[in-house]
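Structure assessment
Residues per chain are reported as follows:
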Amino acid sequence: MIIFFVCFSLVKSDIPFTGEVVNVAEYQSGEITSPQYDENIMSDDGTVLKSAIVQSENTQLGTVTFGGDTFDLIYEADSVNAVGRTNLSSNGAYVGEIGTAVISINKSNNAKLNMLAKGDDIEIECFYGSYTYEVTDVVTVDTFSQIFSAGDGIGRAVAIYTDDGLTPGLSENYRVVIAKMTSGTEVNE
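Quick summary incoming for the structure in this document. None of these values were measured; they are calculated from a predicted model. (Residues numbered from 1 in each chain as written. Predicted model: local features only at pLDDT ≥ 70, side-chain atom pairs only at ≥ 80, totals over all residues. Heavy atoms only, no water.)

**As for the overall build of the protein chain**
When its secondary structure is counted, the protein chain shows two helices and twelve strands. Helices (α) and strands (β) of the protein chain occur, in sequence order from the N terminus, as β-β-β-β-β-β-β-α-β-β-α-β-β-β. In the protein chain, of all internal contacts separated by at least 6 residues, the share reaching a separation of at least 24 is 58%. Carbon and sulfur atoms make up 51% of the accessible area of the protein chain, which amounts to about 11000 Å² in all. (Helix = DSSP H or I, 4+ residues; strand = E, 2+ residues; numbered from the N terminus. Contact = heavy atoms within 4.5 Å. Areas by Shrake-Rupley, 256 points an atom, 1.4 Å probe, with all protein chains shown as cover.)

**Considering the pattern of salt bridges**
Enumeration according to the criterion identifies four salt bridges in this entry. The partner of Lys50 in a salt bridge is Glu97, with the nearest N and O atoms 3.1 Å apart. With Lys50 in the loop between β2 (48-49) and β3 (53-54) and Glu97 in the loop between β6 (86-88) and β7 (99-105), the pair connects residues that are 47 residues apart, well separated along the chain. With its nearest N and O atoms 3.3 Å apart, the salt bridge here joins Lys107 to Asp163. Of the two residues, Lys107 is situated in the loop between β7 and α1 (111-114) and Asp163 in strand β10 (residues 156-163); the sequence distance between them amounts to 56 residues. (Salt bridge = Lys/Arg side-chain N within 4 Å of Asp/Glu carboxyl O.)

**Things to note about the pairing of strand β11 (residues 174-183)**
Taken across its ten residues, β11 has seven buried, putting it largely inside the fold. Judged from the nine bridges that link them, strand β9 (residues 129-141) and β11 form a sheet pairing that is antiparallel. Across the sheet, residue Val135 finds its bridge partner in β11, namely Ala179. Alignment of β10 against β11, held across seven bridges, turns out to be antiparallel. (Buried < 20%, exposed > 50% of the residue type's maximum accessible area, 1.4 Å probe, protein only. Pairing = 2+ DSSP bridges.)

**Things to note about the nonpolar core**
In terms of nonpolar packing, the biggest core is built from 31 residues, with Ile122, Ile124 and Tyr128 touching the most fellow members. For this core, the secondary structure elements donating two or more residues are β4 (59-66), β5 (69-75), β7, β8 (121-126), β9, β10 and β11. Among residues more than four places away in sequence, those in contact with Ile122 are Val64, Thr65, Phe66, Leu116, Tyr131, Thr132, Tyr133, Val135, Ile160, Val177 and Ala179. Membership of the second largest hydrophobic core comes to eight residues, among which are Val102, Tyr174, Val176 and Ile178. (Core = buried A, V, L, I, M, F, W, Y, C linked by side-chain atoms within 4.5 Å.)

The analysis is restricted to geometry; functional conclusions fall outside its scope.
Spelled out as structure tokens, the structure:
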């Protein structure tokens, strides 16, 4: 067996940030904000008015709980704020709305998601209501369009997805947990 050792001579001026203090924790594309909504968020029939909810990137809507773990639910989280949290896509429905609310979770936090099976519950607490969803299916897909259509025909659904690879880095597949709303305040236009 032959082992090679390589040494490089470095000149101090060639090292980036030498003599400078760099605080990586200060880098964020946006701070997490509180939700904004009209005071008349509830309609006369007891449903939540979607038009009264005004959200922007990095807004904390509430929490998502499954498998005993709870994660902050962020609306359109940027790449920094998505780590360790769940992210509600603006391209899907709101939690409680007809259609599919599409939520992603970082691969490093997906262990409990991968253990969910048909019949398990997902609890979502939003500033506008509490929701329970029952898992109806767990699938593996290879395109985002399949994720966004995963709850078609269910009514008020949520699709929580993550990278399905077993190794570090991104794979070409996504694990999607599909669930239907069993309780909670409906969100309507």
